[in-house]
Amino acid sequence: MLITKHEDFNYGSIKLFCGSSHHELASQVATFLGVELSQREIVKFPNENIFVKLGESVRGKDVFILQTGCPPVSDNILEMLIMIDAVRRGSAARITLVVPYMPYGRSDKKDQPRVPITARLVADLIQTAGADRYITVDLHAGQIQGFFSIPGDEVTSFHLLSEYFLTKRHEMYNPTIVTADLGFAKKGRNFAARLSMPMAFVEKRRTGNDATSEVMTVIGDVQDRDVVIVDDEISTAGSIKNTVAVVKNHGARDVYVSCTHPVFAGPAIERLRALPIKELITTNTVPIPPERMLSNITVLSVAPLLGEVIMRVHDGRSVGELFNE
Ligand code: R5P
């Protein structure tokens, strides 16, 4: 018997719902899957309580809910939990939360007295609401996976971004990968190996908990080289600003920047506009509002990646295989 990609296995057919956070990405994923986005109504009452009503039956279905951690972050988290609850009470066979940018990922440890570990709290809330699985992209730290006891698939945009740089390589002079954060060194090294480029590190010391940071120095050679600064996310662009300054001071030529999550909070866009960046390559794990776009920003869609993972989860096929693992 010929098995088609949408053959049902244990959990009924696919239903894909999206919250309010990223309709465009959800539509792209739906197109990739060849399904319609499922109907739902989301209302915020005058007392600010959020109400969700599913517009179609989910009984016995394999339900995927896409919601990302962009502003308004608290509302989006609550809406996501309420949607999971509605789907669970609607008797879905299985619920998979697709959260391209995991909110509160940076609050992943008790690194000073009397502070919470909010990433763990968010994981607990997702599980308590009733999700059976999750799919996410490039967590701030891989260890956040351990905050969940349900199975999950953390996929990476690394292949998407590195493929793009393979097409640009011929335009670049002595290209070198630079990590803006020693915590990102391992992923940076994979990036450099994939592109057969040398690597340098920027040693950064954070000051205070208001996302200000101080860049110290470069470990490695960037003199007379085009550099690609890689990081997991750009939030206020403080780290990128300092990293660009330090590589320029060390004689770098053209500066490219690559990150998975374009959070672009607060002063980010003004900072990015003022920086001598030739091109910033990112993805659409969070939406970039038009007023926060710049002409040197290229956005690659993670929809085919998420769509392929959803299909594999649905069919019970290997996800690792997708990355030759
Ligand atoms: C830090 O640990 C991360 O890898 C990023 O460097 C950081 O989240 C970027 O934040 P910002 O853009 O506010 O400096």
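Note that the coordinates shown come from a computational prediction; the quantities given were computed from them, not determined experimentally.

Cut-offs used in this document
Residues numbered from 1 in each chain as written. Predicted model: local features only at pLDDT ≥ 70, side-chain atom pairs only at ≥ 80, totals over all residues. Heavy atoms only, no water. Domains from an automatic or database assignment. Contact = heavy atoms within 4.5 Å. Buried area = accessible area lost by both parts, 1.4 Å probe. Near = heavy atom within 4 Å. Polar contact = N/O pair within 3.5 Å; in protein donor to acceptor, adjacent residues only side chain to side chain. Areas by Shrake-Rupley, 256 points an atom, 1.4 Å probe, with all protein chains shown as cover. Nonpolar A, V, L, I, M, F, W, Y, C, P; charged D, E, K, R; others polar. Axes fitted to C-alpha atoms, helices over the stretch in contact; angles between N-to-C directions. Helix = DSSP H or I, 4+ residues; strand = E, 2+ residues; numbered from the N terminus. Parallel < 35°, antiparallel > 145°, perpendicular 65-115°, else oblique. Left-handed = near helix turned anticlockwise from the far one by under 90°. Expected span 1.5 Å × (residues − 1). Buried < 20%, exposed > 50% of the residue type's maximum accessible area, 1.4 Å probe, protein only. Right-handed = clockwise from strand over helix to strand, strands pointing away. Pairing = 2+ DSSP bridges. Salt bridge = Lys/Arg side-chain N within 4 Å of Asp/Glu carboxyl O.

**Thoughts on the domain arrangement of the protein**
Now for step 1: For the protein, the assigned domains are domain 1 (14-156 + 303-323) and domain 2 (158-300).
Now for step 2: Computed over C-alpha atoms, the centres of domain 1 and domain 2 are 27 Å apart.
Now for step 3: Facing the 17 residues of domain 1 at the interface are 16 residues of domain 2.
Now for step 4: Contact between domain 1 and domain 2 buries roughly 1,400 Å² in total, counting both sides, with carbon and sulfur atoms accounting for 48%.

**Some details on the site of the ligand**
Now for step 1: The environment of the ligand is made up of 14 residues, and the closest members are D231, D232, S235, T236 and S239.
Now for step 2: Between R106 and the ligand, the recorded distance is 3.2 Å, taken from a side-chain N or O atom to an oxygen atom.
Now for step 3: When the ligand is considered free in solution it has 380 Å² of accessible area, and contact with the protein chains removes 95% of it.
Now for step 4: Partitioned by chemical class, the residues of the shell around the ligand number two nonpolar, five polar and seven charged.

**As for the packing of helix α2 (residues 73-89) against helix α3 (residues 118-129)**
Now for step 1: Orientation of α2 relative to α3, taken along the N-to-C sense of each, is 20°, at an axis distance of 8 Å. By the angle between their directions, the pair α2 and α3 is classed as roughly parallel. Handedness of the crossing formed by α2 with α3: right-handed. Residues M80, L81, I84, D85 and R88 of α2 touch α3, and the partners they reach there are L125, I126 and A129.

**Side note on α3**
Now for step 1: Between the first and last C-alpha of α3 there are 16 Å, a value that for 12 residues agrees with the 16 Å anticipated at 1.5 Å per step.
Now for step 2: Buried within α3 we find T118, A119, V122, A123, I126, Q127 and A129.
Now for step 3: Where α3 is buried, its residues contact α2 and β5 (94-99).
Now for step 4: Immediately beyond the C-terminal end of α3, within one or two residues, lies G130, with a positive phi of roughly 125°.

**Notes on the side chain of E308**
Now for step 1: Looking at the element boundaries, E308 is found in helix α8 (residues 303-315).
Now for step 2: According to the relative accessible area criterion, E308 is buried, its value standing at 18%.
Now for step 3: The contact partners of E308, leaving out residues within four places of it in the chain, are F32, R317 and L322.

**A closer look at the pairing of strand β13 (residues 279-283)**
Now for step 1: The buried count for β13 comes to five of five residues, which makes it a mostly enclosed element.
Now for step 2: The alternating pattern of β13 places E279, I281 and T283 on one face and L280 and T282 on the opposite face, and all of these are buried.
Now for step 3: Assessed by its sense of winding, the connection that carries the chain from strand β12 (residues 255-262) through helix α7 (residues 268-274) to β13 is right-handed.
Now for step 4: Where β13 meets strand β14 (residues 297-300), four bridges bridge the pair, whose relative direction is parallel. Each residue of the ladder has a partner; that of I281, found in β14, is T298.

**Remarks on the pattern of salt bridges**
Now for step 1: In total, this model carries 22 salt bridges according to the counting rule given.
Now for step 2: Its salt-bridge partner being D124, residue R120 comes within 3.0 Å of it at the nearest N-O pair. Residue R120 and its partner D124 are both found in helix α3; the two are separated by four residues, about one turn of the helix.
Now for step 3: Salt bridges here are not isolated pairs; linked through shared partners, they connect D85, R88 and R89.

**Some thoughts on the packing of helix α1 (residues 23-33) against α8**
Now for step 1: Interhelical geometry of α1 versus α8 gives an angle of 55° and a closest axis separation of 8 Å. The orientation of α1 with respect to α8, classified from their angle, is oblique. Every pair of crossing elements has a handedness; the one defined by α1 and α8 is right-handed. Contacts between α1 and α8 involve L25, Q28, V29, F32 and L33 from the former and A303, P304, L306, G307, E308, I310 and M311 from the latter.
Now for step 2: Counted by class, the contact of α1 with α8 contains nine nonpolar, two polar and one charged residues.

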